[in-house]
Amino acid sequence: MAVTFSHLHTEAGLKSLDEYLAGKTYISGGKLSKDDIKVYAAVLGKPGDCFPNASRWYESVSSHLAKSFPGKAVGVRIGGKGAPAKAAAEDDDDDLDLFGDETEEEKKAAEEREAAKKASSKKKESGKSSILMDIKPWDDETDMKKLEEAVRSVEMPGLLWGASKLAPVGYGIKKLQIMLTIVDDLVSVDTLIEEHLTVEPCNEFVQSCDIVAFNKI
């Protein structure tokens, strides 16, 4: 339920505030909040002794604000006979609906906080790795072109095959050296080898796979 204080520059308004603060330390609970600052700004000065609850509350808020603004104050006065009348005439300044609609600035600030919260909760973009792999055939009769086609047919989210070449092993046998880039959180090299490259249909051509180089990007 909304709490409204009206005409806090008048005795009637201060009386209403004083009655509300009976048995309370602050406006909205046991700790200083924006509600207290909002009401404090609408009170022209420290309430008199005839408003003990409001006076005590005002002193408490003033004490907290003094700690936040430690600079030495020389004292200022706000002049103008029309100031109280103007304040009484403007409902937005005198009628403080502590649970009313937010201002545009408050809404924007809340949206920015929410966006920042969502951004911080999102998983950071995973790193990437560049890998050089040796893929060996069964023998010198293995069709290396079909071997490479079988290797490149393996598709996984976060896997990108790169440049390749054939390199001699010995006894007329050649191996396929191929580059690949992976997104670390999406692709496991062990899974790629054990569950894709060395099982059907690739194992018709592939005898073994070895990691030659593994570099973080």
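Please read all numbers here as calculations on a predicted model, not as lab measurements.

Cut-offs and rules
- Residues numbered from 1 in each chain as written.
- Predicted model: local features only at pLDDT ≥ 70, side-chain atom pairs only at ≥ 80, totals over all residues.
- Heavy atoms only, no water.
- Helix = DSSP H or I, 4+ residues; strand = E, 2+ residues; numbered from the N terminus.
- Buried < 20%, exposed > 50% of the residue type's maximum accessible area, 1.4 Å probe, protein only.
- Contact = heavy atoms within 4.5 Å.

Student: A description of unusual backbone geometry should follow, citing residues and the corresponding values.
Tutor: Of the consecutive residues Glu-200 and Pro-201, the connecting peptide bond is found in the cis state with omega at 0°. Even without being a glycine, His-7 presents a positive backbone phi close to 50°. Mapped onto the fold, His-7 is located in the loop between strand 1 (4-5) and helix 1 (11-20). Classification of His-7 as partly exposed rests on a relative accessible area of 31%. Phi is positive for Tyr-171, close to 60°, though the residue is something other than glycine.

Student: Break down the environment of Ile-193 for me, with residues and values.
Tutor: For Ile-193, the position within the fold is in helix 8 (residues 189-197). Of the residues examined, Ile-193 reaches a relative accessible area of 14% and is grouped as buried. For Ile-193 and Ile-211, which are 18 residues apart along the polypeptide, the C-alpha to C-alpha distance reads 9.9 Å. When sequence neighbours within four positions are dropped, the list of residues in contact with Ile-193 reads Met-133, Thr-198, Cys-209 and Ile-211.

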